[in-house]
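# Report on the structure
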Amino acid sequence: VKNFSILLLIFAFTQSWGVLICYGASKDQLFYDAVRAEATGDLQQAVETYTEIKEAHSAPLHANLANLFYKLNDYPLSVLHFRKALLLDPENREYKANLSLSLDKCGISQDSRNQNILSFSPTLYKYSLISLSILFWAGIILLIWFTRFPIKNKSFLFWVASWLILLILMYGFYNQQRNTSSMLQREVIAYQPLKDTNKPNDRISLRVFAGNASSANTSIPAGSSLFLDLGKNKQPRAHTSPDGEKWFLMRSLCGLNKGWVKEEEFRPVID
Amino acid sequence: VPQSKLPQKQVQDLFQTDSDPGVWVTSLSLVDPIQSASFWILQVFLFLTVLVVIYLRIRKRKSASELLKKKEKVLLIKIREALKHKDSIGFHRILSKSIRLRVGIACKHAKTHALSSPEVVELLKSASFSKEVVDEALELLRLCDELEYAGSVTQKNDLEPTFRKSQSLLKKIK
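Computed from a prediction, not measured in an experiment: that's the story for all the values here. (Residues numbered from 1 in each chain as written. Chains lettered and ligands numbered in written order. Predicted model: local features only at pLDDT ≥ 70, side-chain atom pairs only at ≥ 80, totals over all residues. Heavy atoms only, no water.)

## Considering the pattern of salt bridges
Between side chains of opposite charge, pairing is possible as soon as their charged atoms come close. Counted by the stated rule, this structure contains 14 salt bridges over all chains. One salt bridge in this structure joins Lys125 of chain B and Glu122 of chain B, with 3.7 Å as the shortest N-O distance. With a gap of three residues between them, Lys125 of chain B and Glu122 of chain B both fall in helix H4 (residues 117-126), about one helical turn apart. Taking the relative accessible area as the measure of exposure, Glu122 of chain B reaches 47% and is therefore partly exposed. What emerges from the salt-bridge pattern is a single network uniting Asp229, Arg237 and Arg251 of chain A. (Salt bridge = Lys/Arg side-chain N within 4 Å of Asp/Glu carboxyl O. Helix = DSSP H or I, 4+ residues; strand = E, 2+ residues; numbered from the N terminus. Buried < 20%, exposed > 50% of the residue type's maximum accessible area, 1.4 Å probe, protein only.)

## Brief notes about the interface of chain A and chain B
Interface size is often expressed as the accessible area that is lost when the parts come together. Contacts between chain A and chain B engage 54 residues on the former and 37 residues on the latter. Buried area between chain A and chain B, summed over both chains or domains, comes out near 4,000 Å², and the portion from carbon and sulfur atoms is 67%. Joining chain A to chain B, the criterion identifies zero salt bridges. Among the elements of the structure, helix H1 (2-39), helix H3 (59-71), helix H4 (75-88), helix H5 (93-106), helix H7 (122-146) and helix H8 (154-186) of chain A are those that each provide at least two residues to the side of chain A that touches chain B. Here the element with the most residues in the side of chain A that touches chain B is H7 of chain A; it accounts for 12 residues. For the side of chain A that touches chain B, the class distribution of residues is 32 nonpolar, 12 polar and 10 charged. (Contact = heavy atoms within 4.5 Å. Buried area = accessible area lost by both parts, 1.4 Å probe. Nonpolar A, V, L, I, M, F, W, Y, C, P; charged D, E, K, R; others polar.)

## Quick look at the side chain of Arg113 of chain A
Residues and elements named next belong to chain A. Relative to the helices and strands, Arg113 resides in the loop between H5 and helix H6 (115-118). By relative accessible area, Arg113 is classed as buried at 9%. Here Asp104 takes part through its side chain, which lies 2.6 Å from a polar atom of the side chain of Arg113. Look past the residues within four positions of Arg113 in its chain and what remains in contact with it is Ser100, Leu103, Asp104, Ile108, Leu118 and Leu253. (Polar contact = N/O pair within 3.5 Å; in protein donor to acceptor, adjacent residues only side chain to side chain.)

## Some details on the nonpolar core
One broad rule of soluble globular proteins: the nonpolar side chains tend to lie buried together. Counting residues in each nonpolar core, the largest one holds 54 residues, and the members touching the most others are Tyr50 and Leu184 of chain A. Looking at this core, the elements with two or more residues in it are H1, helix H2 (43-51), H3, H4, H5, H6, H7 and H8 of chain A. Setting aside residues no more than four positions away along its own chain, Leu184 of chain A makes contact with Arg83, Leu87, Ile117, Phe120, Val269 and Ile270 of chain A together with Leu30 of chain B. (Core = buried A, V, L, I, M, F, W, Y, C linked by side-chain atoms within 4.5 Å.)

## Some points on the packing of H3 of chain A against H4 of chain A
Residues and elements named next belong to chain A. Interaxial distance between H3 and H4 falls to 8 Å at its minimum, and their mutual angle equals 165 degrees. The orientation of H3 relative to H4 falls into the category roughly antiparallel. Once H3 is placed against H4, the crossing between them reads as left-handed. Note on element contacts: H4 touches H3 through Tyr75, Leu77, Ser78, His81, Phe82, Lys84, Ala85 and Leu88, opposite Ala59, His62, Ala63, Leu65, Ala66, Asn67, Phe69 and Tyr70. Considering only residue class, the contact of H3 with H4 consists of 11 nonpolar, four polar and one charged. (Axes fitted to C-alpha atoms, helices over the stretch in contact; angles between N-to-C directions. Parallel < 35°, antiparallel > 145°, perpendicular 65-115°, else oblique. Left-handed = near helix turned anticlockwise from the far one by under 90°.)

## Observations concerning the environment of Asp89 of chain A
All names here are of chain A. You can see Asp89 is positioned in the loop between H4 and H5. The class of Asp89 is partly exposed, set by a relative accessible area of 26%. Considered as a pair, Asp89 and Pro60 are 29 residues apart in the sequence and their alpha carbons are 9.1 Å apart.

Keep in mind that these numbers describe shape and distance, not what the molecule does.
Structure follows, in structure tokens:
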């Protein structure tokens, strides 16, 4: 029995390692296969191979996909994947330049681009909160240690005021990052499947009500950012039409343009 | 410069394929750092640090007040010795120190030994002591200054009433 249980343990251990190694290898293998397909000029095959990689993301994966979509004239999807790549590698200047070019191709003006969202870094967001809390607690500790009553020292008051100002500024920065993060969670990229129209600058209608027969409030170019409108329960405001299509209420970046958009007419940045 | 107006060569340099898959992550979803366990562990650690600092501060304050009390006791012993040996200069020097120390404790001033007699009296006034106490302190401090520095001829018999007066004054300054 003892020998059998040892054998069973060894078997389980080797199998789990095998699964892990195969999983890692399969992702890498698919990636290299896609790169090879692209190198041979088979762009469509390269896209298909990349999309076979499930539940795994990397900045080069999304950047390569974005490059392929750009070369296939599917600019909205190129924008979408550059945005995903930049979430994982926010400082990459090449991705930023490429995204800018893709947005140009979609016909999205510089004014319609939110620089806060485009340059958002999850790492910076995390560190802004940690720095804020360290600044707060360090100030409290120093205050407890150095305060002597009655307070007569003017330089002490100066340091306390400086600390408070720094704390407010840091909180402002953190709050801005938090708002941007919250917007990113709701952000989608307007998308029109290329096979339907084969035109690079398609426009997406923001409809008055959730139905194909509805007139449009306005329209925006595919590749633009839209934001899911949240209801009172903090869930996206959605509606399913009688023909089974799911519609979502969206707003543009400035919030002025709003309307209902079909589920297949957008792709979430964070899915 | 808008990207579309870039020279063709520069545009060609863009959109280059990465041949390395880079670091894999399982999800793109943004985790709110305020909901992460490591953030709250850090907060608990910093809060405990604050508690430790408060404890150390209280302990330091206690030990400081105990030290001052010890100093006062030592000064009282020295005053008695000076009185016994009728050492007028020493008596007045130590008496002056003792009064300053007591004023320092009462008015929460750490360096009363560095203040002049009028400054010590001002400190007493600012701490709302009665005029009687202030006047008595001023009188004693002046006497101590005169006898310590002016080298006046001392009436050795006068030390005892001065001592008694000083003790009654020290009791009032609390």
